[in-house]
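The primary structure of each chain is shown beneath.
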Amino acid sequence: MPPRPERSRPDRLARLPQQYFAALLRRIAAAAADGGAPVLDLGRGNPEVGPPPHVAAALREASARPDVHGYAPFRGLPALREAIADRYRDLYRVELDPEREVAIVPGTKTAIVELALALAERGDRILLPDPGYPDYYSGVALAGAELVLLPLDPAAGWAPDFDATPPAAAAFVNYPTNPCAVAAPAGVYAAAVAYAQRSGAAIVADAAYIDLVFDGRAPESFLATPGAKDVGVELWTMSKTYGMAGWRIGFVVGNAEIVERLNVLSDHSRVGIFRPLQDAAIAALRGPEDSVEERRATYERRRDRLVAALPEPPVCEGTFYVWLRLPAGLDADRLLTEHRVAVAPGEGFGPSGEGWIRISLAVTDETLDLGIERLAPALAAAYA
Ligand SMILES: Cc1ncc(COP(=O)(O)O)c(C=O)c1O
């Protein structure tokens, strides 16, 4: 038989960066198997507690019905779109038209890629925060867009300088930030809207951690900023607020034209979302919110414990991470192999993350306490 011709590999796959979190999990697993002491994993971004029982019960009940197993409506259940619109009105003071200004997505990670495809032509610029969530890079690569990093200034509350920012097809902003763990600094959303108005860029505001803010802060939506809905959309996910990361359900809300673009793209690539999952999401959004407050308060308490134990206490205003600059001579790899604590190395979040680490609070209290017992002396020794 003649040799089979080689299968060509489309450029768009070659453009993809290494998947940071998949590589991190492999690195941690390899260290855990090296014969040394057990490794404590403070690298994860995966909520350690799931949704309250009434949500799982809603899924069970809905999935027992015979009429829910066919293809779901393309653009989801109107009742689910109404439930998220009501949340936006009641909690974030934003009015949304559930018909035109809400898209239901299978997790916002999917939407990050789809929005890049829907907003940027090949070669167009997309602006990403540096440091920022690594999965934004995937969308830029798949769209064949030009990546432009938007450095965040720690002295300005990790805000970018929109005055010094070139025109682009889209700009991603993310508060409370993964990984820097700060809430939106005053004026940052207004600056983003002004930039979008003068440059024509679309703003994609990632509100994954909107409800996980500390010290009495109120959740703040980008869309509550005057003019925001004219220029952008917000990503809102069930993953962090309700601990439903594995369920894969979230929303893109805001500008109706962008929401429509996203819906058109998804009409061609998927068919709705399993109906019982949507029913369970409605149960979460319409049900008691005490689990959300409990989750938020738990992360705040853990933040206090960790920060109090660190020689140079970092700022942490929300999310379930602490972002820490390491003293010279210490890095994530040494913490992993010598001190047996896995953290997320900062360089994976962009070039300015070099020398920093992200520590997760989404672990049990016992794991965090053991982690502190290992981290605090390692840091103190490096500072000495
Ligand atoms: C900043 C940020 N955005 C988006 C996501 C994706 O969330 P999901 O795809 O579960 O909705 C994450 C998950 O860690 C995140 O940290």
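Scroll up to find the structure this text is about.
Residues numbered from 1 in each chain as written. Predicted model: local features only at pLDDT ≥ 70, side-chain atom pairs only at ≥ 80, totals over all residues. Heavy atoms only, no water.

## What about the overall build of the protein?
Argument step 1. Each helix and strand in the protein was counted, giving 14 helices and 12 strands.
Argument step 2. The C-alpha radius of gyration of the protein comes to 21 Å, within 12% of the 21 Å expected for a compact globule of 384 residues.
Argument step 3. Projected onto its principal axes, the C-alpha positions of the protein cover 65 × 60 × 50 Å.
Argument step 4. Counting all 384 residues of the protein, 56% fall into the buried class.
Argument step 5. Relative to all contacts within the protein whose residues are 6 or more apart in sequence, the contacts with residues 24 or more apart total 76%.
Argument step 6. Per element, the accessible surface of the protein, about 16500 Å² overall, is 55% carbon and sulfur.
Argument step 7. Across the protein, the 39 positively charged side chains and the 50 negatively charged ones have centroids separated by 5 Å. (Helix = DSSP H or I, 4+ residues; strand = E, 2+ residues; numbered from the N terminus. Rg over C-alpha atoms; globule rule 2.2 N^0.38 Å. Buried < 20%, exposed > 50% of the residue type's maximum accessible area, 1.4 Å probe, protein only. Contact = heavy atoms within 4.5 Å. Areas by Shrake-Rupley, 256 points an atom, 1.4 Å probe, with all protein chains shown as cover. Lys, Arg positive; Asp, Glu negative; His and termini not counted. Charge placed at Lys NZ, Arg CZ, Asp CG, Glu CD.)

## Quick word on the nonpolar core
Argument step 1. Counting residues in each nonpolar core, the largest one holds 98 residues, and the members touching the most others are Phe222, Trp236, Met238 and Phe251.
Argument step 2. It is helix H11 (residues 275-286) that contributes the most residues to this core, 7 residues altogether.
Argument step 3. Aside from chain neighbours lying at most four places away, what touches Phe251 is Leu80, Ile84, Val102, Ala103, Ile104, Val105, Thr108, Glu234, Leu235, Trp236, Met238 and Leu285.
Argument step 4. Of all hydrophobic cores here, the second largest spans 30 residues; its members include Ala181, Leu324, Leu361 and Ile372. (Core = buried A, V, L, I, M, F, W, Y, C linked by side-chain atoms within 4.5 Å.)

## A word on the site of the ligand
Argument step 1. By nearness alone, 13 residues border the ligand, and Asp206, Thr237, Ser239, Lys240 and Arg248 come closest of all.
Argument step 2. Between an oxygen atom of the ligand and a side-chain N or O atom of Asn178, the distance comes to 2.8 Å.
Argument step 3. Here Asp206 contributes a side-chain N or O atom positioned 2.5 Å from a nitrogen atom of the ligand.
Argument step 4. Here the ligand, which alone exposes 400 Å², has 93% of that area covered by the protein.
Argument step 5. Residues belonging to the shell around the ligand are distributed by class as follows: 3 nonpolar, 6 polar and 4 charged. (Near = heavy atom within 4 Å. Polar contact = N/O pair within 3.5 Å; in protein donor to acceptor, adjacent residues only side chain to side chain. Nonpolar A, V, L, I, M, F, W, Y, C, P; charged D, E, K, R; others polar.)

## Structural notes on unusual backbone geometry
A negative phi holds for most residues other than glycine; trans holds for most peptide bonds.
Argument step 1. A cis amide bond, omega 5°, links Asp130 with the succeeding residue Pro131.
Argument step 2. Looking at the secondary structure, you find Pro131 in the loop between strand S3 (125-130) and helix H6 (136-143).
Argument step 3. Here the residue pair Tyr175 and Pro176 is connected by a cis peptide bond, since its omega of -15° sits within 30 degrees of zero.
Argument step 4. With respect to the helices and strands, the residue Pro176 is situated in the loop between strand S5 (170-174) and helix H7 (188-199).
Argument step 5. In this structure, Trp158 takes a positive phi of about 60° despite not being glycine.
Argument step 6. Among the secondary structure elements, Trp158 is positioned in the loop between strand S4 (146-151) and S5.
Argument step 7. You will see that Arg340, though not glycine, has its phi angle at about 65°, which is positive.
Argument step 8. With respect to the helices and strands, the residue Arg340 is situated in the loop between helix H13 (332-337) and strand S10 (341-342).

## Quick notes on the packing of aromatic side chains
Argument step 1. Within the structure shown, the criterion is met by 19 aromatic pairs.
Argument step 2. Plain terms: the ring middles of Tyr133 and Tyr136 are 5.4 Å apart, the flat faces sit at 80° to each other, and that makes the pair edge-to-face. Take Tyr133 and Tyr136: they sit in the same class, and that class is buried.
Argument step 3. Centre to centre, the rings of Phe320 and Tyr321 are 4.9 Å apart; their planes meet at 65°, and the pair counts as edge-to-face. Accessibility assignment for this pair places Phe320 and Tyr321 in one class, buried.
Argument step 4. One aromatic cluster is present, built from ring pairs that chain together Tyr20, Phe21, Tyr133, Tyr136, Trp158, Phe172, Trp323, Phe349 and Trp356. (Phe/Tyr/Trp six-rings, centres within 6.5 Å; stacked < 30°, edge-to-face > 60°.)

## Some words on the sheet that holds strand S12 (residues 356-360)
Sheet strands line up and pair through hydrogen bonds in the backbone, either parallel or antiparallel.
Argument step 1. The strand order S9-S12-S11 describes an open sheet built from 3 strands, whose pairing is antiparallel. Pairing within the sheet leaves two strands with one partner each, and these edge strands are strand S9 (321-325) and strand S11 (344-345).
Argument step 2. Bridge count for S11 against S12 is 2 bridges, and the pairing is antiparallel. Bridge assignment links Pro345 to a residue of S12, and that residue is Ile357. (Pairing = 2+ DSSP bridges.)

## Some points on helix H5 (residues 108-119)
Argument step 1. Between its first and last C-alpha atoms H5 spans 16 Å; for 12 residues at 1.5 Å apiece the expected length is 16 Å, and the two agree.
Argument step 2. Burial runs high along H5: 9 of the 12 residues are buried. (Expected span 1.5 Å × (residues − 1).)

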